[in-house]
Amino acid sequence: MAINFTLYEILEKCVEFKKKEDRVGALQYNDSPAMRAVLQCMFDPNIEFLLPEGDPPFKPSQFDDPGYLFANIRKLNIFVKGGVGYETVAKNKREMLFIGFLESLNPSEAKLVLSMKDKKSPFKNLTEEIVLTAFPGLFPA
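Residues numbered from 1 in each chain as written. Predicted model: local features only at pLDDT ≥ 70, side-chain atom pairs only at ≥ 80, totals over all residues. Heavy atoms only, no water.

Within the protein chain, the secondary structure is distributed over 7 helices and 0 strands. When its helices and strands are written in sequence order, the protein chain yields α-α-α-α-α-α-α. Its C-alpha radius of gyration of 15 Å places the protein chain within 12% of the 14 Å reference for a compact globule of 141 residues. When its C-alpha atoms are laid out on the principal axes, the protein chain stretches across 45 × 35 × 30 Å. Considering the protein chain as a whole, with its 141 residues, one finds that 44% of them fall into the buried category. Side-chain charges of the protein chain comprise 18 positive and 19 negative groups, with the mean position of each set lying 2 Å from the other. (Helix = DSSP H or I, 4+ residues; strand = E, 2+ residues; numbered from the N terminus. Rg over C-alpha atoms; globule rule 2.2 N^0.38 Å. Buried < 20%, exposed > 50% of the residue type's maximum accessible area, 1.4 Å probe, protein only. Lys, Arg positive; Asp, Glu negative; His and termini not counted. Charge placed at Lys NZ, Arg CZ, Asp CG, Glu CD.)

To continue, consider the packing of helix H1 (residues 7-14) against helix H6 (residues 107-117). When two helices pack together, their arrangement is given by the angle between their axes and by how far apart the axes lie. Look at H1 against H6: their axes get within 8 Å of each other, and the N-to-C directions meet at 75°. If you check the angle between H1 and H6, you find them roughly perpendicular. For the pair formed by H1 and H6, the contact residues are Leu7, Tyr8 and Leu11 on the first element and Ser108, Glu109, Lys111 and Leu112 on the second. When its residues are assigned to classes, the contact of H1 with H6 shows 4 nonpolar, 1 polar and 2 charged. (Axes fitted to C-alpha atoms, helices over the stretch in contact; angles between N-to-C directions. Parallel < 35°, antiparallel > 145°, perpendicular 65-115°, else oblique. Contact = heavy atoms within 4.5 Å. Nonpolar A, V, L, I, M, F, W, Y, C, P; charged D, E, K, R; others polar.)

The buried count for helix H3 (residues 33-43) comes to 8 of 11 residues, which makes it a mostly enclosed element. Within the span of H3, buried status applies to Ala34, Met35, Ala37, Val38, Leu39, Cys41, Met42 and Phe43.

With that settled, the discussion passes to the nonpolar core. Counting residues in each nonpolar core, the largest one holds 44 residues, and the members touching the most others are Leu11, Leu27, Val38, Leu69 and Leu126. Taken together, the elements giving at least two residues each to this core come down to H1, helix H2 (20-29), H3, helix H5 (91-104), H6 and helix H7 (128-134). Broken down by element, the residue count for this core peaks at 8 residues, all from H3. Those residues in contact with Val38 that sit more than four places away from it in its chain are Leu7, Leu11, Leu69, Ile73, Leu112 and Met116. (Core = buried A, V, L, I, M, F, W, Y, C linked by side-chain atoms within 4.5 Å.)

The next point concerns the confidence of the model for the protein chain. Counting all residues, the mean pLDDT for the protein chain is 90, and 96% of those residues have values of 70 or more. Across the protein chain, the element-wise mean pLDDT spans from 85 in helix H4 (residues 68-71) up to 96 in H7. (pLDDT = per-residue confidence, 0-100.)

All right, on to the side chain of Ser32 then. Counting through the fold element by element, Ser32 comes out in the loop between H2 and H3. Separated by 3.0 Å, the side chain of Ser32 and the backbone nitrogen of Met35 make a polar contact. (Polar contact = N/O pair within 3.5 Å; in protein donor to acceptor, adjacent residues only side chain to side chain.)

Between H5 and H6, the least distance of the axes is 8 Å, while the angle of their chain directions is 140°. Viewed along their axes, H5 and H6 adopt a mutual orientation that is oblique. Of the residues in H6, those in contact with Phe98, Phe101 and Leu102 of H5 are Ala110, Val113, Leu114 and Lys117. Of the residues that constitute the contact of H5 with H6, the class distribution is 6 nonpolar, no polar and 1 charged.

Okay, here's the thing in structure tokens:
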């Protein structure tokens with residue numbers, strides 16, 4: 001299956017709706033394990049990134065491959081506290097891996113990953129309340 005849109009583009013379309021229930025419905029319609037992982041990382045207070053706050057120095061990708069984050073969402077485990085199998089990765093190595101990960105992403109998805117790392121939504125109409133309404137129990141409120 002070819003993926004035609006980035007996760008960023010999907011979320012961007014989901015939150016364009018004026019009514020809250022339409023935004024919730026759009027999120028539910030576009031549900032995927034990758035989408036849920038992004039939303040959890042963005043809003044779940046129990047998920048802590050082991051990276052410095054702010055944007056690291058990286059060169060945005062020149063490619064526009066919309067499927068890379070979908071296919072590699074599990075790599076986020078490298079960068080979060082408690083990421084199974086990655087507990088012993090040195091701080092500098094983790095940061096270099098993160099820069100490489102960002103450079104492999106479509107520029108809009110790199111922006112999305114940076115936002116979720118810093119626990120910020122890149123979209124005004126995408127809030128914790130909307131996410132928990134769409135996916136009750138996704139994370140503790």
